[in-house]
Protein chains: 2
Amino acid sequence: MPQQPAHHPAPPAGEAAEPVLPAEPTQAKRFGKTRTAQSTALLEDYAELIADLLATGGEARPTDIARRLGVSHASAIKTIARLKREGLATARPYRGVFLTEAGEVLAARVKARHRLVVDLLRAVGVPAEAAEQDAEGIEHHVSDLTLDAFSRFLEARK
Amino acid sequence: MPQQPAHHPAPPAGEAAEPVLPAEPTQAKRFGKTRTAQSTALLEDYAELIADLLATGGEARPTDIARRLGVSHASAIKTIARLKREGLATARPYRGVFLTEAGEVLAARVKARHRLVVDLLRAVGVPAEAAEQDAEGIEHHVSDLTLDAFSRFLEARK
DNA sequence: GTGAAGTTGTAGCCATGGCTACACTTCGTC
DNA sequence: GACGAAGTGTAGCCATGGCTACAACTTCAC
Ligand SMILES: [Mn+2]
Ligand SMILES: [Mn+2]
Ligand SMILES: [Mn+2]
Ligand SMILES: [Mn+2]
């Protein structure tokens, strides 16, 4: 059994604490939103990465993208096809990948969010590499309200 | 373009900041770990929910699980099959679902992590419902190192 | 300019996780 | 105890996101 965080009231000794379940529709809504976030996570990472590659190297080639993501180039190409289908990117054969207006907007938003999450983690004492690692997953599940709170928190302790 | 967090150095006015890309193998490793976390997220949520249902109602039936997750009962049953396949749960037809030793260990760990993530979010000023919502996704991407940092942070400002 | 190497694209496979439709069991009520 | 409602299980569909294998195109070196 993992340790009890000290700021939480301990359960009455002897018997297990009855967990308090959220109301059923509330809980279903939460899980549903999490599933939605899941399905856009990959697109967000691609958009962010493509923007970075374009900014630094001038071009974003499927093979580079694949290598950076640690997947086969075939997988990358399939996801690039999805980006195109969803109006986030354009690509002509052998010419590299570019972002549409919508894609650039998404990339900028994702990038800002990514940085803010890393900064917040660092601020509460998470070691640098762990912060970078965890942020890569966490960023896709952070709502605007939470983002605002992160901003204010960082601002306050600057 | 989203707002610039004030604690970050602004890019030199006039030209865009060149993003600093992590080394390729580093970045690939990060994305890879995130993918792994993704694939266990669902099992974790099931284990946590089943434990809660068993603790409160004494039984965890596929239909209850499905309703709480907001999916069809057929989907729930398929994931329960995966839990069994991975040695986390047992279930005999029409008799409800139970956790194995391994399943209970997982559930306890997930539950503690979930609570800690919610508490951390609340502590940095995230509104209650947003904290609950976002934690449902974030929890699957929080490493032990990060969890420790959260603990210490909460302890320090208790 | 030609040939080899690297890049890109396509095809076909698998696992996961949704769904609906349908069949079968269990349970509660009368 | 019979019946109908609720719960459970199975089958078959789809999309996503991995993979390998192979084919076609570009590019670079010579
Ligand atoms: Mn990410
Ligand atoms: Mn990111
Ligand atoms: Mn969760
Ligand atoms: Mn949870």
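Residues numbered from 1 in each chain as written. Chains lettered and ligands numbered in written order. Predicted model: local features only at pLDDT ≥ 70, side-chain atom pairs only at ≥ 80, totals over all residues. Heavy atoms only, no water.

1. Some details on the packing of helix H2 (residues 62-69) of chain A against helix H1 (residues 24-57) of chain B
Following both chains from N to C, one finds H2(A) and H1(B) inclined at 65°, their axes separated by 6 Å at the closest point. Considering their axes alone, H2(A) and H1(B) lie roughly perpendicular with respect to each other. Note on element contacts: H1(B) touches H2(A) through Glu24(B), Gln27(B), Ala28(B), Phe31(B) and Arg35(B), opposite Arg67(A), Arg68(A) and Leu69(A). Split into classes, the residues belonging to the contact of H2(A) with H1(B) amount to three nonpolar, one polar and four charged. (Axes fitted to C-alpha atoms, helices over the stretch in contact; angles between N-to-C directions. Helix = DSSP H or I, 4+ residues; strand = E, 2+ residues; numbered from the N terminus. Parallel < 35°, antiparallel > 145°, perpendicular 65-115°, else oblique. Contact = heavy atoms within 4.5 Å. Nonpolar A, V, L, I, M, F, W, Y, C, P; charged D, E, K, R; others polar.)

2. Let's talk about the protein's contact with DNA strand C
Around DNA strand C, the structure places 20 residues, and the nearest of them are Arg61(A), Thr63(A), Ser72(B), Lys78(B) and Arg82(B). Within 4 Å of the protein, the atoms of DNA strand C are drawn from sugar and phosphate moieties in a proportion of 58%. If one sorts the elements of the surface near DNA strand C by residue count, helix H3 (residues 73-85) of chain B sits on top with five residues. Residue composition of the surface near DNA strand C, by class: nine nonpolar, five polar and six charged. (Near = heavy atom within 4 Å.)

3. Examining the relation of the copies chain B and chain A
For the pair chain B and chain A, the best superposition has an RMSD of 0.0 Å and corresponds to a rotation of 180° with a translation of 0.0 Å parallel to the axis. Here the two chains are linked by the operation of a two-fold rotation axis. Every residue of chain B has its C-alpha some distance from the rotation axis, and the shortest such distance is that of Ile138(B), at 2.5 Å. The overlap is high: 100% of the interface residues of chain B also sit at the interface in chain A, so the same surface is used on both sides. (Least-squares fit on C-alpha atoms with pLDDT ≥ 70 in both.)

4. Quick look at the protein's contact with DNA strand D
Near DNA strand D, the surroundings consist of 21 residues, among which Ser72(A), Lys78(A), Arg82(A), Arg61(B) and Thr63(B) are the closest. Backbone sugar and phosphate groups make up 57% of those atoms of DNA strand D lying within 4 Å of the protein. Here a phosphate oxygen of DNA strand D and a backbone polar atom of Ser72(A) are 2.8 Å apart. Arg82(A) places a polar side-chain atom, nitrogen or oxygen, 2.3 Å from a phosphate oxygen of DNA strand D. (Polar contact = N/O pair within 3.5 Å; in protein donor to acceptor, adjacent residues only side chain to side chain.)

5. As for the environment of Glu139(A)
Residues and elements named next belong to chain A. Structurally, Glu139 can be placed in the loop between helix H5 (128-138) and helix H6 (144-156). Between the alpha carbons of Glu139 and Asp45 there is a distance of 9.8 Å; along the sequence they are 94 residues apart. Among the polar contacts listed, one links the side chain of Glu139 to the side chain of His114, at a separation of 2.7 Å.

6. Points about the side chain of Arg30(A)
Relative to the elements of secondary structure, Arg30(A) occurs in helix H1 (residues 24-57). Setting aside residues no more than four positions away along its own chain, Arg30(A) makes contact with Pro22(A), Glu129(B), Glu132(B) and Gln133(B).

7. Let's talk about helix H2 (residues 62-69) of chain B
The complete set of buried residues in H2(B) reads Ile65(B), Ala66(B), Arg68(B) and Leu69(B). The buried side chains of H2(B) occupy one side of the element, clustering within an arc of 165° when seen end-on. Those residues of H2(B) hidden inside the fold are in contact with H1 of chain A together with H1, H3 and strand S2 (97-99) of chain B. Of the residues flanking the end of H2(B), it is Gly70(B), one or two places downstream, whose phi is positive at about 75°. (Buried < 20%, exposed > 50% of the residue type's maximum accessible area, 1.4 Å probe, protein only. Arc of directions from axis to C-beta.)

8. A short note on unusual backbone geometry
Backbone geometry places Tyr94(A), a non-glycine residue, at a positive phi of 65°. Of note, Tyr94(A) is situated in the loop between strand S1 (89-91) and strand S2 (97-99).

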